[in-house]
Amino acid sequence: MNIPNLSIDPKAGQLSAILYSKEITSLQNLLDWLLGLPYGRNSDRTDYTLILKENKGTCSTKHALVRAVAIENNWPDVDLYIGFFFMDSNIYPRLKDILEKAGLEGIPEAHTFLVIDGNYVDVTSKSSPIEEGMIIDEMDIEPEGIGDLKESIHKGFIADWAEEEKINLPLDQIWTTREACIKELSKA
């Protein structure tokens, strides 16, 4: 896919200035840098700027940072989305024991990604198994939406799924299982 040749203006805002000082001077440089950073939750999952200090991030924080830089630089068609896929042991074999213990085949998982000029872009990690075709529902959000809003939407999606699939577990138990899965995936 061709990424638009968009430059970071160090005078556009604080994030752009910090990135520029790290010799990250374009959208492509930013995407490459983020893709090379390890997957891991930041100390505050809603603060995408922590990537710059902690040198790690999740799908939410990495992609929210790109969208925030796009806003600073007035880049068109660089949008942030939340989508859902079915997280199971086929995609992540190391989750098999956690899911089996909970009596679940899998759980709908929220995944944050970019749409750049109409194309799906994911810089979560080089080994991210999530592909565009796996997304079963999606909506655009802004960087500030990666915290409580994303969690609320995600819990609502899980509740609807559990009701539709007649999953006889409390929502908090499903969420706890989901958190255990994410913790397992965060291990190096």
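Residue numbers run consecutively from 1 along every chain, following the written order of its sequence. Only residues with pLDDT of 70 or above have their local features reported here, since the model is predicted, and side-chain atom pairs are shown and tallied only from 80 upward, although totals for entire chains, interfaces and linings are computed over all residues. As a rule here, side-chain values cover all heavy atoms of the structure and leave hydrogens and water aside.

The chain has the name Transglutaminase-like superfamily protein in an unreviewed UniProt entry, where Owenweeksia hongkongensis is given as its organism.

A. Geometry of the domain arrangement of the chain. Residue ranges labeled as domains rest on an automatic or database domain assignment. Domain annotation for the chain reports domain 1 (14-73) and domain 2 (78-186). Contact residues are listed per partner, giving 22 residues for domain 1 and 27 residues for domain 2. Buried area is a sum: the accessible area each of two parts loses on coming together, probed at 1.4 Å, counted once for each and added. Three residues, Tyr39, His63 and Arg67, lead the burial of domain 1 against domain 2; their summed loss comes to 32% of the area buried on that side. Just to be clear on terms, a salt bridge is a Lys or Arg side-chain nitrogen sitting within 4 Å of an Asp or Glu carboxyl oxygen. Scanning the region where domain 1 abuts domain 2 turns up three salt bridges. Put simply, arginine 45 and glutamate 151 hold a salt bridge, and the shortest N to O gap is 2.5 Å. Distance and chemistry together define a polar contact, namely a pair of N or O atoms within 3.5 Å, with one atom able to donate a hydrogen and the other to accept it when in protein, and with adjacent residues in sequence counting only for side-chain atoms on both sides. Where domain 1 packs against domain 2, one counts nine residue pairs in polar contact (both at pLDDT 80 or more). Looking at the side of domain 1 that touches domain 2, the elements with two or more residues in it are α2 (27-36) and α4 (59-73). We count a stretch as a helix when DSSP gives it H or I for four or more residues in a row; a strand needs E for two or more, and each element gets its number in order from the N terminus. In terms of residue count, α4 provides more of the side of domain 1 that touches domain 2 than any other element does, eleven residues in total. For this classification, Asp, Glu, Lys and Arg are treated as charged, while Ala, Val, Leu, Ile, Met, Phe, Trp, Tyr, Cys and Pro are nonpolar and the rest, including Gly, are polar. Per-class residue counts for the side of domain 1 that touches domain 2 are 13 nonpolar, five polar and four charged. For this analysis, residues touch if any pair of their heavy atoms sits within 4.5 Å.

B. Representation of the pattern of salt bridges. Counted under the stated rule, the structure contains eight salt bridges. Among the ionic pairs, glutamate 109 bridges to arginine 178, the shortest N-O distance being 2.8 Å. On the criterion of sequence distance, the pair formed by glutamate 109 in strand β2 (residues 106-116) and arginine 178 in helix α7 (residues 171-186) is long-range, its members being 69 residues apart. To sort residues, take the accessible area from a 1.4 Å probe on protein chains only and compare it with the maximum for the residue type: under 20% means buried, over 50% means exposed, and anything in between is partly exposed. Note on arginine 178: relative accessible area 7%, which makes it buried.

C. Examining the sheet that holds strand β1 (residues 78-88) more closely. The criterion for strand pairing is that DSSP finds at least two bridges linking the strands in question. Judged by pairing direction, the sheet is antiparallel, and its four strands sit side by side in the order β3-β2-β1-β4 without closing on themselves. Edge positions in the open sheet fall to β3 (119-121) and β4 (137-141), since each of these has one partner strand only. On average, each strand axis in the sheet is inclined to that of its neighbour by 40°, with strand direction left out of account. Here eleven bridges tie β1 to β2, and the two strands are oriented antiparallel to one another. Its bridge partner being in β2, phenylalanine 86 is matched across the sheet by proline 108. Packing against the sheet, helix α6 (residues 148-164) makes contact with β1, β2 and β4, and its axis sits at approximately 135° to β2. For helices, the axis comes from a line fit to the C-alpha atoms of the stretch in contact; other axes are also lines fit to C-alpha atoms, and the angle between any two N-to-C directions lies between 0 and 180 degrees.

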